[in-house]
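Chain and residue survey
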Amino acid sequence: MTVADLDMRLGSAELTEWMAYEKITGPLGRRRHDIQAATIASTVANANRGRGKRFAVHDFIPAYGLERQGPQEMLATIRSINRSMGGEEHGRRDD
């Protein structure tokens, strides 16, 4: 269904009801799934961390709308996180 189709089918009263429902129950759709996955990720990270920074749920929620990183920037970020947690890198290095 396109946005135009939804606009034709969904009246303002029903949209208002959905907005109120979301206010009561929390985010719906993709955002809710991101929060659920981030909750699990932070729990696993905290269970396996050493001394130091405790991870929060918001540390694992994707930041949409920001400029996308290229593969090299993503790899550098992952390596940085790995080092900060005391991890070691094993295997092939392409850089």
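Residues numbered from 1 in each chain as written. Predicted model: local features only at pLDDT ≥ 70, side-chain atom pairs only at ≥ 80, totals over all residues. Heavy atoms only, no water.

Helices and strands together make up the secondary structure of the protein, namely four helices and zero strands. When the helices and strands of the protein are read in sequence order from the N terminus, they spell out α-α-α-α. A compact globule built from 95 residues should have a C-alpha radius of gyration of about 12 Å, whereas the protein, at 20 Å, is more than 25% larger. In terms of principal-axis extent, the alpha carbons of the protein reach across some 55 × 30 × 20 Å. Among the 95 residues that make up the protein, the fraction classed as buried is 8%. In the protein, once contacts between residues fewer than 6 apart in sequence are set aside, the share between residues at least 24 apart is 21%. In the protein, 14 positive and 13 negative side-chain charges are present, and the distance between their average locations comes to 9 Å. (Helix = DSSP H or I, 4+ residues; strand = E, 2+ residues; numbered from the N terminus. Rg over C-alpha atoms; globule rule 2.2 N^0.38 Å. Buried < 20%, exposed > 50% of the residue type's maximum accessible area, 1.4 Å probe, protein only. Contact = heavy atoms within 4.5 Å. Lys, Arg positive; Asp, Glu negative; His and termini not counted. Charge placed at Lys NZ, Arg CZ, Asp CG, Glu CD.)

This brings us to the packing of aromatic side chains. One pass over the structure, following the stated rule, counts two aromatic pairs. Between the aromatic rings of W18 and Y21, the centroid separation amounts to 5.8 Å while the plane-to-plane angle is 90°, which identifies the pairing as edge-to-face. Of this pair, W18 and Y21 both sit in helix α2 (residues 12–25), three residues apart, which is roughly one turn of that helix. Looking at Y21, the relative accessible area reads 42%, which means it is partly exposed. (Phe/Tyr/Trp six-rings, centres within 6.5 Å; stacked < 30°, edge-to-face > 60°.)

Note on placement: G52 falls in the loop between α3 (30–47) and α4 (71–84). Sequence separation between G52 and S84 is 32 residues, and the spatial gap between their C-alpha atoms is 9.7 Å.

Within the element layout of this structure, H90 appears in the segment after α4. A C-alpha to C-alpha distance of 31 Å links H90 and I35, two positions 55 residues apart in sequence.

Here the protein averages 85 in pLDDT, while 95% of its residues score no lower than 70. Within the protein, α3 carries the highest mean pLDDT (92), whereas helix α1 (residues 3–9) carries the lowest (85). (pLDDT = per-residue confidence, 0-100.)

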